[in-house]
Amino acid sequence: MRLRKADWLFVCAAALVVLSVSLLPSPRDRNPPVPHTPEHRGLASEKDCLRCHHVGGTRPLPSRHPKRQDCWRCHKAAMD
Ligand code: HEC
Ligand code: HEC
């Protein structure tokens, strides 16, 4: 088996890629912030977000958007 060393190198490289991807930071500063608009003023509860950001609402979430309810974890408020 001449390819054995190359196979091991491939396995190691793949493991390294998986590891580094899983360690990638996901800083919420890089996600779109909650804009400073009248719709977003004085929203205390994350439950309120889904009043508009649901399928069929004024601003539905894209289908690839994470299905999570903790909006503030990823979206910081641009409000002062
Ligand atoms: C009353 C309706 C309404 C509510 C409630 C609401 N939004 Fe929005 N949201 C909008 C609209 C309309 C836009 C588009 C605003 C624009 O582009 O000017 C928007 C835009 C956004 C954006 C930016 C999208 C982009 O393309 O940059 C984020 C993030 C967001 N909302 C998050 C939230 C979060 C988190 C909450 C709950 C705290 C929330 N929204 C509650 C109507 C609402
Ligand atoms: C795990 C992190 C995470 C959570 C939790 C999260 N979001 Fe997002 N959201 C993102 C990312 C990343 C994007 C940018 C997606 C893109 O550009 O394709 C985004 C984009 C958006 C947008 C813009 C969509 C558009 O039309 O461009 C809105 C609005 C939004 N999120 C609202 C919310 C609301 C409301 C919640 C809570 C129910 C929420 N998000 C929870 C990560 C998150």
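A brief structural summary. Model, not experiment: these values are computed from the prediction.

Before going further, it helps to spend a moment on the coordination of the iron atom of ligand 1. Distances from the iron atom of ligand 1 to its protein donors, His-40 (NE2) and His-53 (NE2), fall within 1.9 Å. Considering all six donor atoms around the iron atom of ligand 1, the spread of angles at the metal, 87 to 179°, places the coordination shape in the octahedral class. In this pair, His-40 sits in the loop between helix H1 (4-22) and helix H2 (46-49) while His-53 sits in the loop between H2 and helix H3 (71-74), placing the two residues 13 residues apart along the sequence. Take His-53: its relative accessible area is 22%, and that puts it in the partly exposed class.

In this section: the coordination of the iron atom of ligand 2. Those donors, His-65 (NE2) and His-75 (NE2), are the protein atoms that reach the iron atom of ligand 2, and they lie 1.9 Å from it. Its six donor atoms give the iron atom of ligand 2 angles of 88 to 179° at the centre, a pattern that matches the octahedral case. In this pair, His-65 is assigned in the loop between H2 and H3 and His-75 in the segment after H3, connecting sequence segments 10 residues apart.

About the cut-offs
- Residues numbered from 1 in each chain as written.
- Chains lettered and ligands numbered in written order.
- Predicted model: local features only at pLDDT ≥ 70, side-chain atom pairs only at ≥ 80, totals over all residues.
- Heavy atoms only, no water.
- Donors = N, O, S within 2.8 Å, 3.2 Å for Na, K, Ca; no water.
- Tetrahedral: all angles 85-135°; square planar, octahedral: opposite > 155°, others 65-115°.
- Helix = DSSP H or I, 4+ residues; strand = E, 2+ residues; numbered from the N terminus.
- Buried < 20%, exposed > 50% of the residue type's maximum accessible area, 1.4 Å probe, protein only.

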